[in-house]
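Here is what each chain is made of, one letter per residue.
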Amino acid sequence: MKLHRYYSFDECLDEEKVTEYLDELYEEGKIEWEIIDRWTFKIDDQDLSEYDERLLIDFFEQNNVIPSSGFEEDDIWY
């Protein structure tokens with residue numbers, strides 16, 4: 001499985017836990033991320049190792065964070 005650019009909180013089990021994890025990765029300089037709307041966020045890989053990427057994907061799967069189909073992969077940042 002690959003890391004997508006857009007994800008949805010729609011079915012997320014613990015949104016706070018997910019945002020805390022994303023904030024940790026942001027503070028480590030590994031990703032940039034932003035909330036697009038109530039249910040969607042965008043993630044940009046800045047310096048994730050393959051191992052970190054696999055951990056993040058697994059974390060998303062465990063918390064029912066699903067790729068969002070409502071945005072195009074090449075949409076620009078707000």
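Our structure is the block above this text.
Predicted model, so just to flag it, every value in this text is computed and none were measured.

Peer 1: For the sheet that holds strand β4 (residues 66-67), give the residues involved together with the corresponding values.
Peer 2: One open sheet accounts for 4 strands, arranged β2-β3-β1-β4; its pairing is antiparallel. Here the strands that pair on one side only, and so sit at the sheet edges, are β2 (31-35) and β4. Where strand β1 (residues 6-8) meets β4, 2 bridges bridge the pair, whose relative direction is antiparallel. In the sheet register, serine 8 faces β4, and the bridge partner there is isoleucine 66. The strands touched by helix α1 (residues 15-27) are β2 and β3 (40-45); relative to β2, the strand with the most contacts, the crossing angle is about 140°.

Peer 1: Please set out the side chain of serine 8 residue by residue, giving values where relevant.
Peer 2: Positionally, serine 8 belongs in strand β1. A relative accessible area of 9% means that serine 8 is categorised as buried. Looking at serine 8, its side chain comes within polar contact range of the main-chain nitrogen of aspartate 10, at 3.0 Å. Polar side-chain contacts of serine 8 include one of 3.4 Å to the backbone oxygen of tryptophan 39. Residue contacts for serine 8: discarding those within four places in its chain leaves Trp39, Thr40, Asn64, Val65, Ile66 and Ser68.

Peer 1: Explain α1 residue by residue, including any values.
Peer 2: Taking 1.5 Å of rise per residue, 13 residues should cover 18 Å, and α1 covers 18 Å from first to last C-alpha, within 8% of that figure. Listed as buried for α1 are Val18, Thr19, Tyr21, Leu22 and Leu25. The arc enclosing the buried residues of α1, seen along the axis, measures out at 160°, which places them on a common side. Along α1, the residues that are exposed and aim more than 90 degrees away from the buried face are Glu16 and Glu27. Buried residues along α1 sit in contact with β2, β3 and α2 (50-62).

Peer 1: I'd love a proper account of the pairing of β2, names of residues and values included.
Peer 2: Sheet topology note: the β2/β3 ladder contains 5 bridges and is antiparallel. Bridge pairing links isoleucine 31 to aspartate 45 in β3. Between β2 and β3, which pair antiparallel and follow one another directly, the connecting turn spans 4 residues.

The rules we used
- Residues numbered from 1 in each chain as written.
- Predicted model: local features only at pLDDT ≥ 70, side-chain atom pairs only at ≥ 80, totals over all residues.
- Heavy atoms only, no water.
- Pairing = 2+ DSSP bridges.
- Helix = DSSP H or I, 4+ residues; strand = E, 2+ residues; numbered from the N terminus.
- Contact = heavy atoms within 4.5 Å.
- Axes fitted to C-alpha atoms, helices over the stretch in contact; angles between N-to-C directions.
- Buried < 20%, exposed > 50% of the residue type's maximum accessible area, 1.4 Å probe, protein only.
- Polar contact = N/O pair within 3.5 Å; in protein donor to acceptor, adjacent residues only side chain to side chain.
- Expected span 1.5 Å × (residues − 1).
- Arc of directions from axis to C-beta.

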